[in-house]
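A closer look at the structure
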Amino acid sequence: MRVRILGSAAGGGFPQWNCGCPNCRGVRSRSINATPRTQESVAVSSDGSEWFLLNASPEVRQQIESFAPLHPRSSRHSPIRAVILTNGDLDHCLGLLSLRESHRVTVYATESVRRGFTEGNALYRTLERFEGQVTWQSLPLGVERLLELDDARASGLTIEAIAVPGKAPVHLERLRSTLPEDNIAVRIRETATGRILAYASAVGEITPTLCAALAGSDCMFFDGTFWSDDELIAGGLGTKRAEDMAHVPVGGVEGSLEALRRLAVPRRIYIHLNNTNPLLREDSPERAKAEAAGWEVARDGMEFDL
Ligand code: MLT
Ligand code: MN
Ligand code: ZN
């Protein structure tokens, strides 16, 4: 399985347009050891020719341009077979509206994520310019299904969605309560090799079900939004704790570094990094601690074979 990280930052990106925190200022002025990042999206492929995007970030156009295998191969074409949505947050969905140039798009999502994006959303009509512009494919929880190419040919990959504690997208918070289908991890399995990629970029709580889904994978991506629970408060940048935003922090006694220490997964990568996270600094003590525990920190353009 080929894996390419198109974007590795949390919502807002790094640097974020309205942020003057030490990390954002430092990366703008190139005075810290860190590289800019676009918002989270990962491309996967079994054959290197047909691709699936995990999430469609607001920077999807730039991300496609940054990676030649995603470029069209004829006058109207895209090697992107489908987009898989792991939740309905705008940093994961907004890019769908940029894929509107009268091209058929397939989206894999749970029922609540599909409804959250399509219902009451006047802008969604831009993806209804012609009959069949968007094909929604369901992601039932706990059921492995094939990822299909447009004409129902097999892609060589399967997907299974696992419910993960999260929350309704910010723009729906006041309209309804959180549903179990609002936030998922996925396991993508390559049928020819049996290799498994586990992807959990938003994790509100580390549950036994999630651990079971991560265990036995060959590589896992995990929520690296915040190093500490009070990162936004301590930086004078906001009032919410990591837990209020349904993100388990990396550090601390209850953080993911500690909680996942004994999970047998050979390759482990933090993704969806908020611009405040000290992990972004390649020479920070936090980065050294994560690397010593066997973790990598995702950066845009990282690519590997699984
Ligand atoms: C999150 O990851 O918590 C969300 O992307 C936040 C947001 O939508 O602003
Ligand atoms: Mn996010
Ligand atoms: Zn910042």
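Look a little higher up for the structure.
What counts, and where the lines are drawn
Residues numbered from 1 in each chain as written. Chains lettered and ligands numbered in written order. Predicted model: local features only at pLDDT ≥ 70, side-chain atom pairs only at ≥ 80, totals over all residues. Heavy atoms only, no water. Core = buried A, V, L, I, M, F, W, Y, C linked by side-chain atoms within 4.5 Å. Buried < 20%, exposed > 50% of the residue type's maximum accessible area, 1.4 Å probe, protein only. Helix = DSSP H or I, 4+ residues; strand = E, 2+ residues; numbered from the N terminus. Contact = heavy atoms within 4.5 Å. Pairing = 2+ DSSP bridges. Axes fitted to C-alpha atoms, helices over the stretch in contact; angles between N-to-C directions. Donors = N, O, S within 2.8 Å, 3.2 Å for Na, K, Ca; no water. Disulfide = S-S within 2.5 Å.

F14, L210, L214, M220, F222, L279 and W295 are the most contacted members of the largest nonpolar core, which totals 33 residues. When residues of this core are traced back to their parent elements, those giving at least two are α1 (22-28), β10 (196-200), α5 (208-214), β11 (219-223) and β13 (295-297). If you tally residues by element for this core, the top one is α5, at three residues. Not counting residues up to four positions away in its chain, the partners in contact with L279 are W227, V250, Y270, L273, S284, E286, R287, A290 and V297. If you look at the next biggest cluster of nonpolar residues, it comprises 29 residues, including I84, L149, L197 and I269.

Moving on: the sheet that holds β13. On the basis of which strands lie adjacent, the open sheet formed by seven strands has the order β7-β8-β9-β10-β11-β12-β13 and mixed pairing. Strands at the two margins of the open sheet, each flanked by one partner only, are β7 (144-148) and β13. On average, adjacent strands in this sheet sit at an angle of 25 degrees to one another, irrespective of strand direction. The sheet contact formed by strand β12 (residues 267-271) and β13 spans three bridges and is parallel. Note on β13: the bridge partner recorded for I269 is E296.

What follows is about the coordination of the manganese ion (ligand 2). Here the manganese ion (ligand 2) is held by the protein donor atoms D91 (OD) and H272 (NE2), which lie 2.0 to 2.2 Å from it. Highlighted residues: D91 in helix α3 (residues 90-93) and H272 in the loop between β12 and α8 (285-292), separated in sequence by 181 residues.

Our next topic: the side chain of S256. Relative to the helices and strands, S256 resides in helix α7 (residues 256-259). The exposure class assigned to S256 is buried, which follows from its relative accessible area of 0%.

This part covers unusual backbone geometry. Omega for the bond connecting F14 with P15 falls within 30 degrees of zero, at 0 degrees, which places this linkage in the cis form. Topologically, P15 is positioned in the loop between β1 (2-7) and α1. Phi at N55 is positive, roughly 70 degrees, even though this residue is not glycine. Take N55: it is sitting in the loop between β3 (51-54) and α2 (60-65). Look at A246: it is not a glycine, yet its phi comes out positive at around 60 degrees. Classification of A246 as buried rests on a relative accessible area of 11%.

The next subject is the state of the cysteines. Per the stated rule, a full pass over the model turns up zero disulfides. Considering cysteine sulfurs only, C211 is the nearest to C219, which forms no disulfide, with 16 Å between them. A relative accessible area of 0% places C219 in the buried class.

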